Amino acid sequence: MNRYGGRVTAAQTVGAEPDDVAERLSAGSKDALAETYERWSALVYTIALRALRDHADAEDVTQQVFVSAWNSRHTLRPAPGVMPGWLVGIARHRIADVRTQRFRSSRNVRAVGATMHHDEAQPAEHEDLAGRLFVAHELEHLGEPRGTVLRLAFIEDRPSSEIASILDMPVGTVKSHIRRGLLQLRSRLREVDGVAP
């Protein structure tokens, strides 16, 4: 199988597959899946990269699309030229999933400060400051490199691939630090809320 990311040609987007590739895939042929990947992984990767602007996320989406294509092959209605549109439809769903995950992760970090125990007598700007100070304090105590990873991801809004490059670590490790760091922050927030007067 070739590596995606190559130039997408018109033949990849308009009815280029042999008439039977969709039929063979829907019937459960792994050779048809390999052929489908060979022909259209570059198309799927290009769409994902343009939508997400992150090479690692685009690679993840590309892999997920072809896994989903295999798992949902029974929904494919074989016809000449059907494959590109069907794959693009799956890609749009996977891209939407990534965007939703990004939004939730960003929202969770922001919520750490926003959902602090509120003192009604305290001015709103002081509450905001307290929330920001709490987040900064907790990020310092997450340890390294986790604290730095979360700062880069949510305060500086850098993508996972860029953080991986800056910190010289695998993208998967960066994503793991983000996920676990968010769990630690949420746990600390619950503790603080539990002892607040």
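Residues numbered from 1 in each chain as written. Predicted model: local features only at pLDDT ≥ 70, side-chain atom pairs only at ≥ 80, totals over all residues. Heavy atoms only, no water.

1. Focus on the overall build of the chain
Next, step 1: Helix and strand content of the chain: 9 helices and 0 strands.
Next, step 2: Listed by position from the N terminus, the elements making up the chain come as α-α-α-α-α-α-α-α-α.
Next, step 3: Out of the 197 residues belonging to the chain, those deemed buried represent 37%.
Next, step 4: The long-range fraction of contacts in the chain, counting pairs at least 24 apart against all pairs at least 6 apart in sequence, stands at 66%. (Helix = DSSP H or I, 4+ residues; strand = E, 2+ residues; numbered from the N terminus. Buried < 20%, exposed > 50% of the residue type's maximum accessible area, 1.4 Å probe, protein only. Contact = heavy atoms within 4.5 Å.)

2. Re the packing of helix H7 (residues 146–155) against helix H8 (residues 160–167)
Helix packing geometry: the angle between the two helix axes and the distance between the axes.
Next, step 1: Contact geometry for H7 and H8: axes closest at 10 Å, N-to-C directions at 140°. Judged by the inter-axis angle, H7 sits oblique to H8. Between H7 and H8 lies a crossing of right-handed hand. Seen from H7, the contacting residues are Thr148, Val149, Leu152 and Ala153; seen from H8, they are Ile163, Ile166 and Leu167. (Axes fitted to C-alpha atoms, helices over the stretch in contact; angles between N-to-C directions. Parallel < 35°, antiparallel > 145°, perpendicular 65-115°, else oblique. Left-handed = near helix turned anticlockwise from the far one by under 90°.)

3. Focus: the confidence of the model for the chain
Next, step 1: Counting all residues, the mean pLDDT for the chain is 75, and 66% of those residues have values of 70 or more.
Next, step 2: Note that residues 5–17 has pLDDT below 50 and, in this model, 27 contacts with residues that lie over four places away or in other chains.
Next, step 3: Low pLDDT, under 50, characterises residues 115–129; the predicted model gives this stretch 13 contacts beyond four residues in sequence or across chains. (pLDDT = per-residue confidence, 0-100.)

4. Remarks on the nonpolar core
Next, step 1: Within the largest apolar cluster, 27 residues are counted, with the highest numbers of intra-cluster contacts made by Leu25, Val61, Val65, Met83, Trp86 and Leu87.
Next, step 2: The set of elements that each furnish at least two residues to this core consists of helix H2 (21–26), helix H3 (30–52), helix H4 (55–71) and helix H5 (82–114).
Next, step 3: Examining the composition of this core, we find that 9 residues originate from one element, H3, more than from any other.
Next, step 4: In contact with Val61, not counting residues within four places along its chain, are Ala48, Leu52, Ala91, Arg94, Ile95 and Val98.
Next, step 5: Of all hydrophobic cores here, the second largest spans 14 residues; its members include Phe154, Ala164, Ile178 and Leu182. (Core = buried A, V, L, I, M, F, W, Y, C linked by side-chain atoms within 4.5 Å.)

5. A short note on the environment of Ser26
Next, step 1: Mapping Ser26 onto the fold places it in helix H2.
Next, step 2: In the structure, Ser26 is positioned 49 residues away from Thr75 in sequence and 7.7 Å away in space, judged by C-alpha atoms.
Next, step 3: When near neighbours in sequence (up to four residues on either side) are disregarded, Ser26 contacts Arg73, Leu76 and Pro78.
Next, step 4: Here the side chain of Ser26 touches Glu23 through a polar contact of 2.9 Å, landing on its backbone oxygen. (Polar contact = N/O pair within 3.5 Å; in protein donor to acceptor, adjacent residues only side chain to side chain.)

6. What to know about H7
Next, step 1: Along H7, 7 of the 10 residues are buried, which leaves the element largely enclosed by surrounding structure.
Next, step 2: Within the sequence span of H7, burial applies to Arg146, Gly147, Val149, Leu150, Leu152, Ala153 and Phe154.

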